[in-house]
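This is what each chain is made of:
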Amino acid sequence: MREFRLGCVGLGGRGRGMMEWVSNGIDNIKAVAACDNDPDKFYKPFDEGNRLAPSFQELFPGVQYFRDYDEMLEKADLDIVMVETPANCHTEFCVKALARNIHVYSDIPSVASLPEAEALWKAGQSSEAMLMTGATTCGWGFVHAMQDLYKQGLLGKAVYMEAEYIHDCRCLWERTPWRKPSAEKPGYPITYCTHSLGPLLSILEEDLKTVCCVSTGSLTTGVPGGNDVMCALYQTQSGVTIRHTNSFINCAPAGHSYRVFGTEGCFERLYARGQDKGHTRFRSEKLYAATNMTELDVDEKPLNVDKWTCDQQAINAGHGGADGYLWHIFMEALRKGEKTAPIGIREGLRMTLPGLYAAESAKQNGKVIPIRYPWDEDWTTSF
Ligand SMILES: NC(=O)c1ccc[n+]([C@@H]2O[C@H](COP(=O)([O-])OP(=O)(O)OC[C@H]3O[C@@H](n4cnc5c(N)ncnc54)[C@H](O)[C@@H]3O)[C@@H](O)[C@H]2O)c1
């Protein structure tokens, strides 16, 4: 079977981890090139906070290092680029690879501005390559269970949904400075919204069309531009409402929660807190034995992962198997010669752009503002 030559840009914790899991766990992938504008990330031992881990060069002796991304694209003869640069600078790397018809697996969020959304959309339209949005949370087993219940009609039509992502990231500010709030990026963390919106939008046909968002401001740390907690309310044209809370500065237990109220039932995933393990539950008016909230024995591990022909240990390494699942379905699409990725540019923008508009709404003290997408007739690159 054909071998796919893989290069990675961004050799921080995530780039290293993903290169390891993907090249060990997915068949027919060969890691050949790596790029970071900081050569220490390739040549020096890697600071994991509590230990110095082997350098990238030691982990991947056959991989060629490039300091310059354009040079890597020019010289490494890549089939796939994995983009693992800081969260606010993915687009330029994706656009350049797509322009050369190199497939892309990009981490999230998809874009950091409306002009970037336009550039990515256009690049996707004119490229023969596909871009897979690395929307990790869409790879979790309980999300697949929610999608399955929805497809079977057991939840009916979604009416109201919730998502929250709580994670005190202060301990990561030094090692990954892009995570530290600043006056230059005042919309953080609501702009880091794909983990919350991705799973919910996967069962919603309509796009989100309006948003109002508020912030607590920086009450805990006083860091300029900091937002301890941001809450957004999104609506579709027909009135489906999503409440979304993001907090990266807090003293609360970390995790992702989701709830879906449908016309025929409801679903919830509540993350583990203290002694309480995570719960995945649903109820349905359509199923005689499930009219009370019913616990499902489904956690993060993707459904059906045991049936894959791949290294299970490596697959399970990334977010309980979610990253491995996304790579698995991406590679399936490539092997079959599909034209678009299972989670492509459109899906990525659907789950990214609402957060940019939410940040703008928070800047305007919670004003309700319309959300537009590059495929809309009234699309514009300003708010
Ligand atoms: N999907 C998930 O669940 C998940 C989890 C963690 C991180 N992430 C994403 O992974 C990405 C990387 O996160 P991280 O924790 O590894 O951050 P990091 O800061 O450790 O790594 C980013 C790397 O990119 C390099 N870089 C910056 N600009 C560059 C340029 N112009 N050219 C080449 N290299 C450049 C930096 O030197 C750094 O080594 C982020 O986008 C983040 O959102 C996703």
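Residues numbered from 1 in each chain as written. Predicted model: local features only at pLDDT ≥ 70, side-chain atom pairs only at ≥ 80, totals over all residues. Heavy atoms only, no water.

Caption draft 1: Region of the structure containing the environment of Ala-119. Within the fold, Ala-119 resides in helix H6 (residues 114–126). You can call Ala-119 partly exposed: its relative accessible area is 33%. The spacing of Ala-119 and Gly-187 is 68 residues in sequence and 21 Å in space, taken between C-alpha atoms. (Helix = DSSP H or I, 4+ residues; strand = E, 2+ residues; numbered from the N terminus. Buried < 20%, exposed > 50% of the residue type's maximum accessible area, 1.4 Å probe, protein only.)

Caption draft 2: Main features of the environment of Gly-217. Relative to the elements of secondary structure, Gly-217 occurs in the loop between strand S10 (210–215) and strand S11 (230–235). Residues Gly-217 and Asp-228, spaced 11 residues apart in sequence, show a C-alpha to C-alpha distance of 6.1 Å.

Caption draft 3: Examining the site of the ligand more closely. Residues in contact with the ligand amount to 24 residues; listed here are only the nearest, Asp-36, Thr-85, His-90, Thr-136 and Tyr-192. Between an oxygen atom of the ligand and a main-chain N or O atom of Gly-13, the distance comes to 3.3 Å. A distance of 2.6 Å is found between an oxygen atom of the ligand and a side-chain nitrogen or oxygen belonging to His-90. In the complex, 86% of the free accessible area of the ligand, which totals 850 Å², lies under the protein chains. In terms of residue class, the shell around the ligand is made up of 8 nonpolar, 10 polar and 6 charged. Both of domain 1 (4–137 + 307–342) and domain 2 (141–302 + 351–370) provide at least three residues apiece to the shell around the ligand. (Near = heavy atom within 4 Å. Polar contact = N/O pair within 3.5 Å; in protein donor to acceptor, adjacent residues only side chain to side chain. Areas by Shrake-Rupley, 256 points an atom, 1.4 Å probe, with all protein chains shown as cover. Nonpolar A, V, L, I, M, F, W, Y, C, P; charged D, E, K, R; others polar. Domains from an automatic or database assignment.)

Caption draft 4: Just unusual backbone geometry, in detail. The amide bond that connects Ile-108 to the next residue, Pro-109, takes the cis arrangement and shows omega of -5°. Here the amide bond leading from Tyr-188 into Pro-189 is cis, since omega sits at 20°, within 30 degrees of zero. Mapped onto the elements, Pro-189 comes out in the loop between strand S9 (158–166) and helix H8 (194–201). Notably, Asp-77 is not glycine yet its phi reads approximately 50°, a positive angle. Among the secondary structure elements, Asp-77 is positioned in the loop between helix H4 (69–75) and strand S6 (80–83). You will see that Asn-365, though not glycine, has its phi angle at about 55°, which is positive. With respect to the helices and strands, the residue Asn-365 is situated in the loop between helix H11 (345–363) and strand S17 (369–370).

Caption draft 5: Layout of the sheet that holds strand S8 (residues 131–133). Judged by pairing direction, the sheet is parallel, and its 6 strands sit side by side in the order S5-S2-S1-S6-S7-S8 without closing on themselves. Pairing within the sheet leaves two strands with one partner each, and these edge strands are strand S5 (64–66) and S8. Across the sheet, the mean angle from the axis of one strand to that of its neighbour is 25°, orientation sign disregarded. Against the sheet, helix H10 (residues 322–335) engages strand S1 (4–9), strand S2 (29–35), S6, strand S7 (103–106) and S8, with an angle of about 165° to S7. (Pairing = 2+ DSSP bridges. Axes fitted to C-alpha atoms, helices over the stretch in contact; angles between N-to-C directions. Contact = heavy atoms within 4.5 Å.)

Caption draft 6: A look at the pairing of strand S14 (residues 265–270). Across the 6 residues of S14, 5 count as buried, placing the element largely inside the fold. Looking at chain direction, strand S13 (residues 255–262) and S14 are connected through 4 bridges and run antiparallel. Counted as the bridge partner of Tyr-258 is Arg-269 from S14. Count of turn residues in the S13/S14 antiparallel hairpin: 2 residues. Examined bridge by bridge, S14 and strand S15 (residues 279–284) share 6 bridges and lie antiparallel to one another. In the strand pairing of S15, Glu-268 is matched with Arg-281.

Caption draft 7: A look at the domain arrangement of the protein. In terms of domain boundaries, the protein breaks down into domain 1 (4–137 + 307–342) and domain 2 (141–302 + 351–370). Taking only C-alpha atoms, the centre of domain 1 and the centre of domain 2 are 25 Å apart. In this assembly, 22 residues from domain 1 lie in contact with 19 residues from domain 2. Summing both sides of the interface, domain 1 and domain 2 together bury roughly 1600 Å²; the carbon and sulfur share of this comes to 70%. By the criterion of area lost to domain 2, the three top residues of domain 1 are Ile-108, Leu-114 and Thr-137, representing 32% of everything that side buries. Connecting domain 1 to domain 2 are 0 salt bridges. Taken together, domain 1 and domain 2 are joined by 2 residue pairs in polar contact (both at pLDDT 80 or more). (Buried area = accessible area lost by both parts, 1.4 Å probe. Salt bridge = Lys/Arg side-chain N within 4 Å of Asp/Glu carboxyl O.)

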